[in-house]
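Topology and contacts: notes
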Amino acid sequence: MNIREVNPALYEDLMRRLRRIEGQARGIQRMLEEGQDCEQILIQLGAMKAAINRVGMKAAACNMGLQVTEAIRRGEDPTAAVDVVIEQFIKLG
């Protein structure tokens, strides 16, 4: 399922966040090239990691909603869909 088609607002939010993460990565590269303090680099890496985790959680939550909705639409027990999504959450972590 395509996030862009299903939830355009979420798609735009994720793209905005990913562009920001891309900028953070370039900033960290610049810090390394300039010989910045390791502590400051670690702080920025932690911020980037947290931002990546937020993008992943938002995408996973969207997927859970879609999977459960589709299971219900098909007349299936949504428990199996939830189990699949839980495995995806585990892989994300």
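Note that the coordinates shown come from a computational prediction; the quantities given were computed from them, not determined experimentally.

Some words on the packing of helix H3 (residues 38-73) against helix H4 (residues 79-92)
Contact geometry of H3 with H4 gives a least axis separation of 9 Å together with a crossing angle of 170 degrees. One way to sum up the angle between H3 and H4 is to call them roughly antiparallel. The two elements H3 and H4 meet at a crossing, and its hand is right-handed. On the side of H3, the interface is formed by Gly56, Met57, Ala60, Ala61, Asn63, Met64, Gln67, Val68 and Ala71, while H4 contributes Ala81, Val82, Val85, Gln88, Phe89 and Leu92. Its residues placed into classes, the contact of H3 with H4 shows 11 nonpolar, 4 polar and no charged.

What to know about the pattern of salt bridges
Scanning all chains against the criterion turns up 7 salt bridges. Salt-bridge contacts for Asp13 lead to Arg17; the nearest nitrogen and oxygen are separated by 3.1 Å. Residue Asp13 and its partner Arg17 are located together in helix H2 (residues 8-33), separated by 4 residues, close to a single helical turn. On the basis of relative accessibility, which here comes to 10%, the residue Asp13 falls in the buried class. The salt bridge partner of Arg73 is Glu70, with a shortest N-O separation of 2.7 Å. Of this pair, Arg73 and Glu70 both sit in helix H3, 3 residues apart, which is roughly one turn of the helix. What makes Arg73 exposed here is its relative accessible area of 59%. Taken together, the salt bridges that share partners define one network made up of Asp13, Arg16, Arg17 and Lys58.

About the thresholds
Residues numbered from 1 in each chain as written. Predicted model: local features only at pLDDT ≥ 70, side-chain atom pairs only at ≥ 80, totals over all residues. Heavy atoms only, no water. Axes fitted to C-alpha atoms, helices over the stretch in contact; angles between N-to-C directions. Helix = DSSP H or I, 4+ residues; strand = E, 2+ residues; numbered from the N terminus. Parallel < 35°, antiparallel > 145°, perpendicular 65-115°, else oblique. Left-handed = near helix turned anticlockwise from the far one by under 90°. Contact = heavy atoms within 4.5 Å. Nonpolar A, V, L, I, M, F, W, Y, C, P; charged D, E, K, R; others polar. Salt bridge = Lys/Arg side-chain N within 4 Å of Asp/Glu carboxyl O. Buried < 20%, exposed > 50% of the residue type's maximum accessible area, 1.4 Å probe, protein only.

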